[in-house]
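# Summary of structural features
Spelled out, the chains give:
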Amino acid sequence: MLDYKEIQYEAHGKVYEPAEDTFLLAENIQVGRRDRVLEIGTGTGIIAIIVSRKCSTVTATDINPHAIDCTAKNIIANKTYNVELRKGDLFEPVRGEKFDLILFNTPYLPISEEERVDDELDAAWDGGEDGRKVIDRFLSDVKDHLNPGGRIQLVQSSLSDIHQTIKKLEDMELDASVTAREKCFFEEVVVITGKLIPQDNHGLP
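Attention in this report is confined to the structure presented alongside it.

## Some thoughts on the packing of aromatic side chains
- According to the stated counting rule, one finds 2 aromatic pairs in the structure shown.
- On the numbers, 5.1 Å between centres and 50 degrees between planes, the contact of Phe104 with Phe138 is tilted. One end of the pair, Phe104, is in strand E4 (residues 99-105); the other, Phe138, is in helix H5 (residues 133-142), and 34 residues separate them in sequence.
- Given the relative accessible area of 4%, Phe104 is considered buried.
- In this structure Phe138 comes out as buried when scored by relative accessible area, which is 1%.

## Section: the sheet that holds strand E3 (residues 83-87)
- Read across the sheet, 7 strands follow the order E3-E2-E1-E4-E5-E7-E6 without closing on themselves; strand pairing throughout is mixed. At either end of the open sheet lies a strand with only one pairing partner, and these are E3 and strand E6 (174-184). Looking at each pair of strands side by side, their axes are set apart by 15 degrees on average, direction ignored.
- Strand direction decides the pairing type here: E4 and strand E5 (residues 146-157), joined by 6 bridges, are parallel. Each residue of the ladder has a partner; that of Asn105, found in E5, is Val155.
- Relative to the sheet, helix H3 (residues 65-77) contacts strand E2 (57-62) and E3, its axis offset from that of E3 by approximately 165 degrees.
- Docked against the sheet, helix H6 (residues 162-171) engages E5, E6 and strand E7 (187-196), running at close to 160 degrees with respect to E6.

## Regarding the environment of Gly32
- By the secondary structure assignment, Gly32 is in the loop between helix H1 (20-26) and strand E1 (36-40).
- In the structure, Gly32 is positioned 23 residues away from Cys55 in sequence and 5.7 Å away in space, judged by C-alpha atoms.
- If near-sequence neighbours (up to four positions away) are discounted, Gly32 is found in contact with Lys54, Cys55 and Arg151.

Here is what the cut-offs are and how they apply
- Residues numbered from 1 in each chain as written.
- Predicted model: local features only at pLDDT ≥ 70, side-chain atom pairs only at ≥ 80, totals over all residues.
- Heavy atoms only, no water.
- Phe/Tyr/Trp six-rings, centres within 6.5 Å; stacked < 30°, edge-to-face > 60°.
- Helix = DSSP H or I, 4+ residues; strand = E, 2+ residues; numbered from the N terminus.
- Buried < 20%, exposed > 50% of the residue type's maximum accessible area, 1.4 Å probe, protein only.
- Pairing = 2+ DSSP bridges.
- Axes fitted to C-alpha atoms, helices over the stretch in contact; angles between N-to-C directions.
- Contact = heavy atoms within 4.5 Å.

Below you can see the structure in the form of structure tokens.
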């Protein structure tokens, strides 16, 4: 369990502000001292700052330029020296790189075309018609960015089919399960943790 209450941070009107899903992830991150960590969609940077105190290095990315600026200020305020910021969509900023732990509070809300606002904040929660538009793009590439024995932890909602995410991870030879959950109004928000199964374990009962 990582303590987020000691983190000093400023929010920004065009950046997703830490909420229940952020804190659920913060309280359930599974990280090691030597881990090289990637956080996608860093927002205010609070998760990157928290995990940086427990690992080797953090690469934090976001598609929203306001989020990059906001995180940069919060990194300085918290004297965090092992976080590198990069702007871009999903894995674009880290092409060819691999990590021990990948974190992502996904945009998981089902949003129709009529509900779309089309501003910077949309990227933080717009999961498309079924809530899986970004989740499935993330899952299609995530294995290519994991070191042997690497893990992922992602946040999503019961509204965007938790079981489908777990099945996709299992199909990619990750041992996956829900490791934390919290009721939030009309949905359940969960942390799904997946660990890449070592090659030498294949075929074992």
